[in-house]
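# Observations on the three-dimensional arrangement
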Amino acid sequence: MLLRHTTKEVKEREGLTINPAKTCQPIGAMYAALGVHGCLPHSHGSQGCCAYHRSTLTRHYKEPVMSATSSFTEGASVFGGQANLLQAIDTIFSVYDPDVIAVHSTCLSETIGDDLQQITKKALDDGKIPEGKRVIYASTPSFVGSHVTGYANMLAGIAEQFAKSTGEKKDQINIVAGWMEPSDMREIKRIAKEMGVRIVLFPDTSDVLDAPQTGKHEFYPKGGTTIEALESTGDSKSSIALGCMSGEPGAIALDKKCKVPFQTEDIPIGLSATDRFIMSLSKAAGVEVPDEITAERGRLVDVMTDMEQYLYGKKVALFGDPDQLIPLTEFVLDLNMKPTHIVSGTPGQRFEKRMKEILKDAPYANFKNGLGADMFLMHQWIKNEPVDLLIGNTYGKYIARDEDIPFVRFGFPILDRIGHSYFPNVGYSGALRLVEKILGVFLDRQDRDAPEEKFELVM
Amino acid sequence: MESMKNFSDPSVIKEELIKKYPPKVAKKRAKGIVLNDPEATPQVQANVRTVPGIITQRGCSYAGCKGVVLGPTRDIVNITHGPIGCGFYSWLTRRNQTRPESPEAENYMPYCFSTDMQEDHVVFGGEKKLKQAIQEAYDLFHPKAIAIFSTCPVGLIGDDVHAVAKEMREKLGDCNVFGFSCEGYRGVSQSAGHHVANNGVFKHMVGRDDTVKEGKFKLNLLGEYNIGGDAFEIERLFDKCGLTLVASFSGNSTVGALENSHTADLNIIMCHRSINYMGDMMEKKYGIPWMKVNFVGAESTAKSLRKIAEYFEDDELKARVEEVIAEEMPQVKAAIEEIRPRTEGKTAMLFVGGSRAHHYQDLFTELGMTTLAAGYEFAHRDDYEGREVLPTIKIDADNKNIEELKVERDPEKYNPRRSEAEIEALKEKGLEMNGYEGMMKQMKEKTFVVDDISHYESEKLIEYYKPDIFCAGIKEKYVVQKMGVPLKQLHSYDYGGPYTGFTGAINFYRDIDRMVNNPVWKKIKAPWEKASGEAELNADYVTQ
C-alpha cells in the first residue's frame, strides 16, 4: 500500500492540505504566455518557482519550455525586485530577442509589493524595451486561486494589453481558450475551418508545445497567436470564451476594453458540451453546421449506443480542474455512468453552481472544491464508497493502485504517459477517444479478472 | 587533445559564448567559464548570483532542503509551510525510492503535506494555520517526526517556524517537530538549502539514540539520495562485504537511523557539495572521521570499497572486499567488452548537480568516451578546484544568510575513532582522509568547465562540438534533443537506474550505448528533404 496511512474515517481539516488537487498561479501564467508567438515568459521571483514551473510543464509536454527568472536573492526580497526585473528585461532582449516578454509575479514578489505595471512602465520610459517589442504582465500571487486562475489572469493580461479597436469590425470570432492541451487547440481550429468560420484563437499552444523534431531547436517555435492577430481581437464581431474560470476572464477583458460582446461556453469535452459549442459557433458566425461535423457527432453517438452495456451504472471518481470537470462530469452522465466523487482544489463559486446544475439528477454525487478539497479527501471518500473508475492527473495512480481501480489519465499534469498533448480530448473526436480509453480500461480489467471459462474473445 | 583536434580554438569559442551578453554580464560570465588545465587548476567563479533574465538550470533553497535532503527520509511528515505550489512541485518528482521494512511501516513519501497559505495568512500571519496543520498531521498519523519547510512568503511575513516547532514539540510530547528556514530566496541556488537542511538534521536528529548496533565495521553513507535505487545497490555491496550501514543521509533512510548515526565509525561522502559540512561537524562533535568516495563507475566502486577496507585496517575485510570485487567485475568486463567498441571515441558533456557532473565522467571513461565540457549548477569552488581552496573562498552577503553552526566536542559522546597519529599514518599510506580533489584535476586540458551554465551557452557549446551525448536535467532534455543530441537526465535518470556500484555501471553502459547508437538520430530529416550537396529526387514519370 503506497498510501498506507490514508484513513477511512473522514475528519474535517483546517490547517493541513494533503495531496493537493491544484497547484499555484504562476505555472498557469507561464503556460498561457507560451501560447503567444515569439513570447518568452518571465517569472518575477526567486529561481525556484521558474525551475519548478518549467520542469512540470516540460514533464507534461515532453517539450522545451523556455522561461526566464528575476533570480531574487535576499537583497531583492528586502529592497524590492525592480532592479532585478529591469536588468532581466535588458538581458533578455540582448540574449534571447523575443517579440514579447510576459512577466508574471510570484508569492515572493507579491508579498513584498512589487508593482509590475509600474516597473514595466519604467522599463519603457527608460528605453529598455526595443522598438516594436512588448513587455506585458499579470499579477499571479500563489496564495490566491490556483494554476487555473493564473492562466486566466495571464489571458486577461494578454487580451487587455494587446487588443486594439480600430472602429472597423472584422468578420472574425475570437475564441478565448480555457486551459486545454495543444492538441485541443489544434482541434478547435480544425472544427472552425470545417465550419468555415474565421477565428482568432488565443492563447494557442499548438506548434509550440508539440513542435516537430527537426534537428534544430527553435527558441520561438512557429506556433502561438501572433501579435497582429491578438491586436485584431478588438475588432472581432464577438468572442466565445471556453471555460467559465480559465477562459472567461480573457473575454471579459476584451469586452471591457474594446466592447467585443462575448458568451461563455464550457470547454467542448464530451457530447453535450461539444453540441453547445458547435451551436454557439454556428450562431455567432451565422453559418450552417456542415454535414461532416454532423457525421462526426453521429459516429460518437453510434459508439455510445453500441457500447452502453459496458458503461451503464459504473461509478466514477474524478479530480482535476473546474473547466474540465464540468463538461467531463456531464459526459459521464451522458454515458449513463455515475459520477460519484468529484474534487477540484481550485476555489470558485462558479464551479459549485455549475456542478449543482449538472448533478441535479444525481443526488448521490459528492463534490467539493477549494480549500480542503484535496486528493486525500477523495481517497477517503473512495474508501467509504468504492468506484469502478478513476479519472484524473498522474498523481491519481497511487490511489488507483492501492484501491485497484481502473484509471484514465486526464488533466494536468500527466507526467508518466504521452498522448495527451497529441490527441485531442475536445470535440466529437476527442469524446470518442475518451470513450475508447474508458472502455479500454474496463475491458482490460474484465479480461484480467475473468475466470478462464469466462475469458471472452468477442464483445 | 585527440578528440578535440578538429575543433576551433577553445578560447575563441569561449568568446563566442559570451559575445551576446550585455558588457557587465559578459564580464561576469567570463569568470564562470574556464578552459581547464588539470595541472594548474584555474580558478572558477562559483556560488555567485545568477544574472536576472538569464535562463539558468538552477532552483532554490527550498528545493535543496525539502526536495533533495529531507525528501528521501520516509518516516518524517514533511510539511511545506506556504502557498500550494512549492509542496506540489516537490511531490514525488525526484524518483527517490525507499523500502519500508513491512507493509505497515511508516512511509510518507507518496504524500504531499502543505499549509496551502491563502492571502489572509500572508496578511495576518500563518503561524496559527501552521500549528493547526501540525496538530492535524499528528492526530491523523502519529509520526515520529514532523518537519516544517519555509517558503518565500513565510520568511518575509516573519512567521517563526522554529518557535512554532518548539511549542508543538513540547505539546505533542512524543513527536520530534523541527523547522527549516529554507525560503527560496536564501543563497543563490539549491546549495543553500542543502546546508540549511543538514544543519537541521545535525541539530535535531543526529545523536538522539545511543544504541550501538551489532557489526564490526559501521559506517554512514553521506550524500546519497537513492534516485532510481542507487542506495539499494550500494547497500547490497555493503552487505556482501560485511559492512554495517548505520545511516544513509538520506536515501532510503529513517528518523531512527539518522538519530543513531553518531554511533558509526566512519562517514563516507558521495555528494561532496550537498553534505561535506556534515562530515566535518560529525567529526568535531563525535570524533567520526570522513572520507570522500564515489560509487558511480565500476572502477570507482572498487576503489571506494578498498578505501573503506583500508580505513578499517582489517585483513579479513580487505580479503572480503577483494572477493566481492572479483565476483562482480567479470560481468562488468563482459559488458564493457561488448559495448565499448560502439562507444569508444565518442564525446559527452555534463552539466548537472554539485558532484554528479564529476562522478559520471568515470562511467564515460570506462566506455572510452571523452568529456568535452562539464560544470555544476549549484557547486562551490571546492567542488571544482578541490578542498585546498576552501580558505581562499570569499564570503559574500549571500553566504552570510546561511547559518554556520558552531560545533564543539560533545562532552559525553565524543569518541575519536582514530587518533590524530593514526589518521596521519593512514594518509601516509595514501588514503585521502577529509580530502577531495575536485572535478577539474580529472578533466583533460582545454576542456570546458562552466559554472551555472545558461541555456544560451549550452546551446552554443552543442552547436560547436556536437557531442554524442549531453547530460543534464529535465528542463534541458528536450531542448538538447531537438538539436539532434540525446540527453541523459542525471537528476532523475529518465525512469532508469540504478547507476551506482557494479550493477549500476552495467545499467549505465547499456543506456548510453542505446542512446548514442539509436538509429533514430539519423532519421531526423525526411528522405524528401534535400540534404546539401546531394542530388534531388530522380524519377521517371510515365505519361499516358
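Residues numbered from 1 in each chain as written. Chains lettered and ligands numbered in written order. Predicted model: local features only at pLDDT ≥ 70, side-chain atom pairs only at ≥ 80, totals over all residues. Heavy atoms only, no water.

The helix and strand tally for chain B stands at 21 helices and 14 strands. Rg of the C-alpha trace for chain B: 25 Å, near the compact-globule value of 24 Å for 544 residues, within the 12% margin. Residues counted as buried form 65% of the 544 residues belonging to chain B. Pairs at least 24 apart in sequence give 77% of the contacts found in chain B among residues at least 6 apart. A total of about 21,100 Å² of accessible surface is found on chain B, and carbon and sulfur atoms cover 49% of it. (Helix = DSSP H or I, 4+ residues; strand = E, 2+ residues; numbered from the N terminus. Rg over C-alpha atoms; globule rule 2.2 N^0.38 Å. Buried < 20%, exposed > 50% of the residue type's maximum accessible area, 1.4 Å probe, protein only. Contact = heavy atoms within 4.5 Å. Areas by Shrake-Rupley, 256 points an atom, 1.4 Å probe, with all protein chains shown as cover.)

A few words on the overall build of chain A. Check the secondary structure of chain A and you find 18 helices and 14 strands. C-alpha extents for chain A along the principal axes are approximately 80 × 55 × 45 Å. The burial tally for chain A puts 64% of its 459 residues in the buried class. Within chain A, contacts between residues separated by at least 24 positions form 75% of all contacts whose residues are at least 6 apart in sequence. Here chain A displays about 16,800 Å² of accessible surface, and carbon together with sulfur accounts for 50% of that area. Taken together, the 50 basic and 61 acidic charged side chains of chain A have centroids lying 2 Å from each other. (Lys, Arg positive; Asp, Glu negative; His and termini not counted. Charge placed at Lys NZ, Arg CZ, Asp CG, Glu CD.)

Attention now moves to the interface of chain A and chain B. With 76 residues of chain A at the contact, the number on the chain B side is 80 residues. Carbon and sulfur atoms make up 62% of the surface buried where chain A meets chain B, a total of about 6,900 Å² over both sides. A per-residue breakdown of the area chain A buries against chain B is headed by A:His5, A:Tyr52 and A:Phe143, which together make up 11% of the total. For the pair chain A and chain B, the interface holds two salt bridges. In this structure, the salt-bridge partner of A:Lys22 is B:Asp116, at a minimum N-O distance of 2.9 Å. Across the contact surface, chain A and chain B share 38 residue pairs in polar contact (both at pLDDT 80 or more). Counting residues per element, the side of chain A that touches chain B draws most heavily on helix 2 (residues 47-61) of chain A, at 10 residues. (Buried area = accessible area lost by both parts, 1.4 Å probe. Salt bridge = Lys/Arg side-chain N within 4 Å of Asp/Glu carboxyl O. Polar contact = N/O pair within 3.5 Å; in protein donor to acceptor, adjacent residues only side chain to side chain.)

A few words now on the packing of helix 13 (residues 298-312) of chain B against helix 14 (residues 315-343) of chain B. Residue and element names in this part refer to chain B. Close contact between helix 13 and helix 14 brings their axes to 9 Å; oriented N to C, the two are set at 175°. It follows that helix 13 is roughly antiparallel to helix 14 by the angle criterion. On helix 14, the residues touching Ala298, Glu299, Ala302, Leu305, Arg306, Ala309, Glu310 and Phe312 of helix 13 are Leu317, Lys318, Val321, Glu322, Ile325, Met329 and Val332. Here the residues of the contact of helix 13 with helix 14 sort into 10 nonpolar, no polar and five charged. (Axes fitted to C-alpha atoms, helices over the stretch in contact; angles between N-to-C directions. Parallel < 35°, antiparallel > 145°, perpendicular 65-115°, else oblique. Nonpolar A, V, L, I, M, F, W, Y, C, P; charged D, E, K, R; others polar.)

Let us look at the environment of A:Lys8. Here A:Lys8 lies in the segment before strand 1 (17-18). When near neighbours in sequence (up to four residues on either side) are disregarded, A:Lys8 contacts A:Gln380, A:Lys383 and A:Asn384.

With that settled, the discussion passes to the sheet that holds strand 14 (residues 487-489) of chain B. Residues and elements named next belong to chain B. If you trace the six strands from one edge of the open sheet to the other, you get 1-12-11-10-13-14, paired in mixed fashion. The open sheet has two free edges, formed respectively by strand 1 (33-35) and strand 14, since each of these has just one partner strand. Across this sheet, the average inter-strand angle for adjacent strands is 20°, counted without regard to direction. Here strand 10 (residues 347-351) pairs with strand 11 (residues 370-375) via five bridges, running parallel. Paired with Phe351 across the two strands is Gly375, which belongs to strand 11. Sheet contacts for helix 19 (residues 455-465): strand 1, strand 10, strand 11, strand 12 (448-450) and strand 13 (469-472); angle to strand 12, the most-contacted strand, approximately 170°. Its contacts with the sheet place helix 20 (residues 474-482) against strand 13 and strand 14, and it is angled at close to 170° to strand 14. (Pairing = 2+ DSSP bridges.)

Note on soluble globular proteins: their nonpolar side chains tend to be buried together. Judged by nonpolar contacts, the single largest core of 194 residues is most densely connected at A:Leu390, B:Ile134 and B:Phe249. In this structure, B:Ile423, B:Met440, B:Ile506 and B:Ile512 belong to the second largest nonpolar core, which totals 70 residues. (Core = buried A, V, L, I, M, F, W, Y, C linked by side-chain atoms within 4.5 Å.)

A few words on a nonpolar patch on the surface. All names here are of chain A. Together, Ile418, Tyr422 and Phe423 give the surface a local cluster of nonpolar side chains, amounting to about 340 Å² of exposed area. Tracing the backbone through its elements, the reader meets Phe423 in the loop between strand 14 (407-409) and helix 18 (427-449). Judged by its relative accessible area of 46%, Phe423 falls in the partly exposed class. (Patch = residues over 30% accessible without salt bridge, like charges linked within 9 Å, V, L, I, M, F, W, Y side chains within 5 Å.)

The next point concerns the packing of aromatic side chains. Counting across every chain of the model gives 38 aromatic pairs over all chains. Geometrically, the ring pair formed by B:Tyr360 and B:Tyr499 is edge-to-face, given 6.5 Å between the ring centres and 90° between the ring planes. One end of the pair, B:Tyr360, is in helix 15 (residues 356-366); the other, B:Tyr499, is in the loop between strand 14 and helix 21 (501-516), with 139 residues separating them in the sequence. Pair check on accessibility: B:Tyr360 and B:Tyr499 agree, each one buried. Connected via pairs of aromatic rings, a cluster forms that spans A:Tyr52, A:Tyr395, B:Tyr62, B:Phe88, B:Tyr89 and B:Trp91. (Phe/Tyr/Trp six-rings, centres within 6.5 Å; stacked < 30°, edge-to-face > 60°.)

Another aspect to go through is the pairing of strand 9 (residues 262-265) of chain A. With four bridges connecting them, strand 8 (residues 236-242) of chain A and strand 9 of chain A associate as parallel partners. Counterpart to A:Leu242 in the pairing with strand 9 of chain A is A:Glu265.

Another aspect to go through is the sheet that holds strand 9 (residues 290-292) of chain B. Residue and element names in this part refer to chain B. Ordered by their spatial adjacency, four strands build an open sheet running 7-6-8-9, and the pairing between neighbours is parallel. Two strands lie at the open edges of the sheet, namely strand 7 (244-250) and strand 9, each paired on one side alone. Averaged over all adjacent pairs, the angle separating strand axes in this sheet is 25°, with direction ignored. In this sheet, strand 8 (residues 266-269) lies alongside strand 6 (residues 218-224) in parallel orientation, the contact comprising four bridges. By the bridge assignment, Leu219 is partnered in strand 8 with Leu266.

Before going further, it helps to spend a moment on the pattern of salt bridges. Residues and elements named next belong to chain A. This structure, assessed with the given rule, holds 74 salt bridges over all chains. Note that Arg190 is salt-bridged to Glu194, the shortest N-O span being 3.5 Å. Note that Arg190 and Glu194 are positioned in helix 8 (residues 182-195) at a spacing of four residues, about one turn of the helix. Between Asp449 and Arg448 there is a salt bridge, with its nearest N and O atoms 2.9 Å apart. A single salt-bridge network, built from bridges that share partners, covers Asp266, Arg276, Glu330, Lys353, Arg354 and Glu357.

Attention now goes to the side chain of A:Lys22. Within the secondary structure layout, A:Lys22 lies in the loop between strand 1 and helix 1 (25-33). Given the relative accessible area of 6%, A:Lys22 is considered buried. Among the polar contacts listed, one links the side chain of A:Lys22 to the side chain of B:Asp116, at a separation of 2.9 Å. When residues no more than four places from it in sequence are discounted, the contact partners of A:Lys22 are A:Gly145, A:Ser146, A:His147, A:Gly345, A:Thr346, A:Leu371, B:Ile84, B:Phe88, B:Asp116 and B:Gln118.

What follows concerns the pairing of strand 4 (residues 145-150) of chain B. All names here are of chain B. Within strand 4, six of the six residues are buried, which leaves it mostly tucked inside the rest of the structure. Neither face of strand 4 is open: one carries Ala145, Ala147 and Phe149, the other Ile146, Ile148 and Ser150, and all of them are buried. The sheet contact formed by strand 4 and strand 5 (residues 176-180) spans five bridges and is parallel. The partner of Ile148 across the bridge, within strand 5, is Gly179.

To continue, consider helix 1 (residues 10-18) of chain B. At 3.6 residues per turn, the α-helix brings residues three or four places apart onto the same side. Residue and element names in this part refer to chain B. Within helix 1, burial applies to Pro10, Ile13, Lys14, Leu17 and Ile18. The buried residues of helix 1 occupy an angular sector of 130° when the element is viewed end-on, so they sit on one face. Close packing links the buried residues of helix 1 with helix 2 (23-32), strand 1, strand 12 and helix 19. (Arc of directions from axis to C-beta.)

Residues and elements named next belong to chain B. Taken N-terminus to C-terminus, the directions of helix 10 (residues 230-241) and helix 21 make an angle of 140°; their axes are 7 Å apart at the nearest point. The angle between helix 10 and helix 21 falls in the class oblique. Along its contact with helix 10, which presents Glu233, Arg236 and Leu237, the element helix 21 presents Gly501, Phe502, Thr503 and Gly504. For the contact of helix 10 with helix 21, the class distribution of residues is two nonpolar, three polar and two charged.

So, on to the confidence of the model for chain B. For chain B, per-residue confidence averages 95 on the pLDDT scale, and 96% of positions sit at 70 or higher. The ipTM for the predicted assembly is 0.98, set against a pTM of 0.97. (pLDDT = per-residue confidence, 0-100.)

So, on to the side chain of A:Thr120. All names here are of chain A. For Thr120, the location among the structural elements is in helix 6 (residues 116-125). Here Gln117 takes part through its backbone oxygen, which lies 3.1 Å from a polar atom of the side chain of Thr120. Apart from the residues within four sequence positions on either side, Thr120 is in contact with Ile129, Val135 and Tyr137.

Let us now look at helix 16 (residues 375-384) of chain A. The element helix 16 of chain A is largely enclosed, with a buried count of nine among its 10 residues. Buried within helix 16 of chain A we find A:Met375, A:Phe376, A:Leu377, A:Met378, A:His379, A:Gln380, A:Trp381, A:Ile382 and A:Lys383.

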